[in-house]
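# Structural overview for review
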Amino acid sequence: DGAPAPKAEKTLGGEQVEGRPAVRELLIAGRRKVRELWIATELEESEVIGDIVDIARHQRVRIEDVNRKRLDMAARSEAPQGVIAWAAPLPETPFDEMIKRRPGKTPFIVALDGVTDPGNLGAILRSCEGAGVDAVILPRHRAVHITPSAAKAAAGAIEYLTMCVVPGLPSAIQQLRDANVWVVGLDDAADKPLFGLGD
């Protein structure tokens, strides 16, 4: 009945994915098993919905035609756009593995602190993926993880990002420094612009 598997400890999340771009990218990326896909019966045909159905059928994902009211009741984001998928949780990358230096490549890592709004998290992750970020660090506590609203706002970016959850950001940042990673703190109230960092 589209019921999510019971949750044990707090994981990265991402099991319930809503919204057409997010569900389409979940299927295209093929990084995690998709258990079930709900599509609202009253949806007008569209290229994106056609893509979603074709890819899901090819991957032998169970597809349920569900009336709009039932789908909206199961949704946990504001506008699921007539599609919900249930998948395995997003994989977490261990911190030690994430900070390993690759020869000739400077890691581009974004650590997020105090982001508690799912929509903001999703938008940041979308920007990270577009900017070519290698990995994103999230604190385990006092921060939102990948809820359906965050996944929807990320529009599929979560399927391609390496993400790591750490017990505390200060010690993670210190470990990055110890690994000779240049650390820059950003604050929207700062008087120095980002583009002045080279000075």
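Analysis parameters
Residues numbered from 1 in each chain as written. Predicted model: local features only at pLDDT ≥ 70, side-chain atom pairs only at ≥ 80, totals over all residues. Heavy atoms only, no water. Buried < 20%, exposed > 50% of the residue type's maximum accessible area, 1.4 Å probe, protein only. Helix = DSSP H or I, 4+ residues; strand = E, 2+ residues; numbered from the N terminus. Arc of directions from axis to C-beta. Contact = heavy atoms within 4.5 Å. Pairing = 2+ DSSP bridges. Axes fitted to C-alpha atoms, helices over the stretch in contact; angles between N-to-C directions. Phe/Tyr/Trp six-rings, centres within 6.5 Å; stacked < 30°, edge-to-face > 60°.

To continue, consider helix 7 (residues 169-178). Restricting attention to buried positions, one finds in helix 7 the residues Leu169, Ala172 and Leu176. Buried residues of helix 7, viewed axially, fall in a sector of 65°; they line one side. Away from its buried face, by an angle of more than 90 degrees, helix 7 presents the exposed residues Pro170 and Asp178. For helix 7, the secondary structure elements touched by its buried residues are helix 4 (95-98), strand 5 (109-111), strand 6 (135-139) and strand 7 (162-166).

A word on the sheet that holds strand 5. Pairing between sheet strands relies on hydrogen bonds along the backbone, with the strands arranged either parallel or antiparallel. Reading across the sheet, the three strands line up as 5-6-7 and stay open at both edges, with parallel pairing between neighbours. At either end of the open sheet lies a strand with only one pairing partner, and these are strand 5 and strand 7. Here the average twist between neighbouring strands, direction ignored, is 20°. For strand 6 and strand 7, the ladder comprises five bridges, and the chain directions are parallel. Counted as the bridge partner of Val136 is Met163 from strand 7.

Turning next to the packing of aromatic side chains. Note on aromatic pairs: each is described by the distance of the centres and the angle between the planes. For the coordinates displayed, the defined rule picks out one aromatic pair. Ring geometry for Trp38 and Trp86: centres 4.9 Å apart, planes at 70°, overall edge-to-face. With a gap of 48 residues between them, Trp38 in strand 2 (residues 34-40) and Trp86 in strand 4 (residues 83-87) connect regions that are remote in the sequence. Trp38 gets classed as buried once you look at its relative accessible area, which sits at 3%.

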